Amino acid sequence: MTWYQDAFEARTERYRNHQSDFYIHPASAFIEPFRIADGLWYVGDQRVCIHLIETSEGLVLLDSGFFHTNHLLTESIRRLGFDPADVRWILHTHEHFDHFGAAEEFRALYGTKSAISAVGAQELREHPARALMNWSNSDYQEIPEFDYELQDGEIFEFGGVKILCVLTPGHAPGVMSYFFEVTENGEKHLAGLFGGAGTGAITLDYMMALGLPLDMPQRMLASLDRLEQEPVTIHLGNHPENNQTLQKRARQLKEGGNPFVGADSWTQFLEGMRTSTLKIIADNEKKRQEYGM
């Protein structure tokens, strides 16, 4: 194998070891669902964020998690007093298996429709192996069908809620970020979700092993430029570590108030993302030189 295949295999093995207990006992990652703002709820787990939006025509989910955590998602929805059958749409952030896992189950059980960026849909049609990555039980995973392909800059409107969709590639070619207004304590806020914050996907070994364009780090920087223009005051995570979801919830339970409200989380997160991306670009260049690329 080549150096980048060796590096990718080592990464894959670390992932499998890290996730093994989670696959055997997914309920170990369950977290009690909770309210973030008016009509906005957290229904994800300790590994992947999923958010629920109430509308006048039914419920909308942002992402649907892993394949094997569908039962955690439906349990969270029910514990909030909602009915999973009322989920009319799932808007997915990008074309990786840990974010679209429950889509087909919701379609089969409840007739839920799902959407992803047009770029992400094309990626899944042309390169499905990139989505599954063979990091888990890929024999039992499937690529979902999507009812709608979102365009960059589109406003997805459903049940009186308007969601701005912004294409922000880097972590994957089809990453879509979402922005929409909510209220909290009578004040309007812009909720924002960067749809793909993992920088491991822009390392040289990862891109080469999966056959991705090698300019993904530069695309990430351009995406960060676009995201900095959004005045987000309720920062939502793609994974809990992105916005410290679990820590904020623990603080909320202990101290009260709403630690999810405030502009600092968004700006500090984007600054950290830019720093990490620039470091990876420098590391990638060293690898290129080392291997004569």
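Scoring rules and cut-offs
Residues numbered from 1 in each chain as written. Predicted model: local features only at pLDDT ≥ 70, side-chain atom pairs only at ≥ 80, totals over all residues. Heavy atoms only, no water. Helix = DSSP H or I, 4+ residues; strand = E, 2+ residues; numbered from the N terminus. Rg over C-alpha atoms; globule rule 2.2 N^0.38 Å. Buried < 20%, exposed > 50% of the residue type's maximum accessible area, 1.4 Å probe, protein only. Contact = heavy atoms within 4.5 Å. Core = buried A, V, L, I, M, F, W, Y, C linked by side-chain atoms within 4.5 Å. Salt bridge = Lys/Arg side-chain N within 4 Å of Asp/Glu carboxyl O. Patch = residues over 30% accessible without salt bridge, like charges linked within 9 Å, V, L, I, M, F, W, Y side chains within 5 Å. Areas by Shrake-Rupley, 256 points an atom, 1.4 Å probe, with all protein chains shown as cover. Phe/Tyr/Trp six-rings, centres within 6.5 Å; stacked < 30°, edge-to-face > 60°. Lys NZ or Arg CZ within 6 Å of the ring centre and 35° of its normal. 1 Å grid on protein atoms, 1.4 Å probe; cavity = no way out; pocket = protein on both sides within 12 Å on 5 of 7 lines; lining within 4 Å. Points joined across faces, edges and corners; volume = space filled by probe spheres on them. Nonpolar A, V, L, I, M, F, W, Y, C, P; charged D, E, K, R; others polar. Axes fitted to C-alpha atoms, helices over the stretch in contact; angles between N-to-C directions. Parallel < 35°, antiparallel > 145°, perpendicular 65-115°, else oblique. Left-handed = near helix turned anticlockwise from the far one by under 90°.

Caption draft 1: Structural detail: the overall build of the chain. Per the secondary structure count, the chain includes 10 helices and 12 strands. Here the C-alpha atoms of the chain give a radius of gyration of 19 Å, agreeing with the 19 Å that 2.2 N^0.38 yields for 293 residues. If one aligns the C-alpha atoms of the chain with their principal axes, the spans along those axes are about 60 × 40 × 40 Å. Considering the chain as a whole, with its 293 residues, one finds that 57% of them fall into the buried category. Put simply, of all contacts in the chain between residues at least 6 apart along the chain, 68% involve residues at least 24 apart.

Caption draft 2: Fine view of the nonpolar core. Judged by nonpolar contacts, the single largest core of 44 residues is most densely connected at Phe97, Phe194, Leu224 and Trp266. Elements that contribute at least two residues to this core include exactly helix 1 (3-24), helix 4 (118-126), helix 5 (128-132), helix 6 (204-210), helix 7 (216-227) and helix 10 (264-290). Per-element accounting of this core gives the leading share, six residues, to helix 1. Within the second largest apolar cluster, 29 residues are counted, among which are Ile53, Trp89, Phe158 and Met176.

Caption draft 3: Focus on the pattern of salt bridges. The final tally for this structure, using the stated rule, is 13 salt bridges. The partner of arginine 35 in a salt bridge is aspartate 38, with the nearest N and O atoms 2.6 Å apart. For aspartate 38, a relative accessible area of 38% translates into the label partly exposed. In this structure, arginine 35 and glutamate 184 form a salt bridge, with 2.5 Å as the shortest nitrogen-oxygen distance. One end of the pair, arginine 35, is in strand 1 (residues 34-37); the other, glutamate 184, is in strand 10 (residues 176-184), with 149 residues separating them in the sequence. Given a relative accessible area of 31%, arginine 35 falls into the partly exposed group. The structure contains a network of salt bridges with shared partners spanning Glu32, Glu75 and Arg79.

Caption draft 4: Looking closely at a nonpolar patch on the surface. On the surface, Leu214, Tyr291 and Met293 cluster together into a nonpolar patch covering about 260 Å² of accessible area. Summarising the element assignment, tyrosine 291 is placed in the segment after helix 10.

Caption draft 5: Structural view of the packing of aromatic side chains. Taken as a whole and assessed by the stated rule, the structure comprises 17 aromatic pairs. Residues phenylalanine 34 and phenylalanine 260 carry aromatic rings whose centres are separated by 5.6 Å and whose planes lie at 35° to one another, so their mutual orientation is tilted. One end of the pair, phenylalanine 34, is in strand 1; the other, phenylalanine 260, is in the loop between helix 9 (245-255) and helix 10, with 226 residues separating them in the sequence. Residue classification places phenylalanine 34 among the buried residues on the basis of a relative accessible area of 2%. Accessibility expressed as a relative area gives 2% for phenylalanine 260, which makes it buried. Following the ring pairs from residue to residue traces out a cluster consisting of Phe22, Tyr23, Phe66 and Phe97. Over the face of the ring belonging to phenylalanine 22 we find arginine 47, whose NZ or CZ atom lies 4.5 Å from the ring centre.

Caption draft 6: Spotlight on empty space enclosed by the protein. In this structure the tally under the stated criterion is one cavity of 30 Å³ or more. Of the volumes computed, that of the largest cavity is approximately 50 Å³. The wall of the largest cavity is formed by Glu95, His96, Glu123, Arg130, His171, Ala172, Pro173, Tyr206, Leu210 and Leu212. Along the lines of polarity and charge, the residues of the lining of the largest cavity split into five nonpolar, two polar and three charged.

Caption draft 7: Region of the structure containing the packing of helix 2 (residues 70-79) against helix 3 (residues 103-110). Relative to each other, helix 2 and helix 3 sit at 60°, their axes nearing to 10 Å. On the basis of the axis angle, helix 2 is oblique to helix 3. In the crossing of helix 2 with helix 3, the sense of the turn from one axis to the other is right-handed. Contact residues: helix 2 offers Asn70, Leu73, Thr74, Ile77 and Arg78, while helix 3 offers Glu105, Phe106 and Tyr110. Along the lines of polarity and charge, the residues of the contact of helix 2 with helix 3 split into four nonpolar, two polar and two charged.

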